[in-house]
Amino acid sequence: MASNIKVFLRVRPSAKPSPSVELKSEQGIVNFEVEKPAPDGEVNNSKVTHPFRFEGILPMTCSQEDVLNMVAKPVIDDVLKGVNGTIFA
């Protein structure tokens, strides 16, 4: 029975995925690399990484059925047992 909030990330299919986004689906981590701001006139080639953790990551190749099974099915099962459940999309 679910007792907490779970956040999943579904990655939209793209012909040219961004090189600044790194998915670690097994760990549920997404890293965003952005250029570090530099003072005017200075060259700065370093990047800052911002990691975000999710309960699960659904890659570009996942189907609607995969989303249903991973995200919605546990909530539906709990609702049928009388437990409140909500899915935001």
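This one's a predicted model, so the numbers in the text were calculated from it and none came from an experiment.

A.B. asks: Would you explain the sheet that holds strand β4 (residues 47–53) in this entry?
C.D. replies: Either a parallel or an antiparallel arrangement is found when strands of a sheet pair, and the pairing is made through backbone hydrogen bonds. With antiparallel pairing, 3 strands are arranged side by side in an open sheet as β2-β3-β4. Where the open sheet ends on each side, the last strands, each with one partner, are β2 (21–24) and β4. Taking each pair of neighbouring strands and ignoring which way they run, the sheet shows an average axis angle of 20°.

A.B. asks: For this particular structure, what's the right way to read the pairing of strand β3 (residues 29–35)?
C.D. replies: In the case of a regular strand, side chains alternate between the two sheet surfaces. With 4 bridges joining them, β2 and β3 adopt antiparallel strand pairing. Looking across to β3, one finds that K24 is bridged to I29. Where β2 folds back onto β3 in an antiparallel hairpin, the turn is made up of 4 residues, including G28, whose phi is positive at roughly 70°. Note that β3 and β4 share 7 bridges and pair antiparallel. Opposite E33, over in β4, you have T49 as the bridge partner.

About the cut-offs
Numbering of residues starts from 1 in every chain and runs along the sequence as written. Where totals are concerned, whole chains, interfaces and linings use all residues; where local detail is concerned, this predicted model gives features only for residues with pLDDT of at least 70, and gives and counts side-chain atom pairs only at 80 or more. The side-chain values count all of the structure's non-hydrogen atoms but skip hydrogen atoms and water molecules. For two strands to pair, DSSP has to find at least two bridges joining them. Note on conventions: DSSP H or I runs of at least 4 residues are helices, E runs of at least 2 residues are strands, and numbering of each starts at the N terminus. What counts as an axis is a line fitted to C-alpha atoms, over the stretch in contact for a helix, and the angles between N-to-C directions run from 0 to 180 degrees.

Keep in mind these numbers describe shape, not what the thing actually does.
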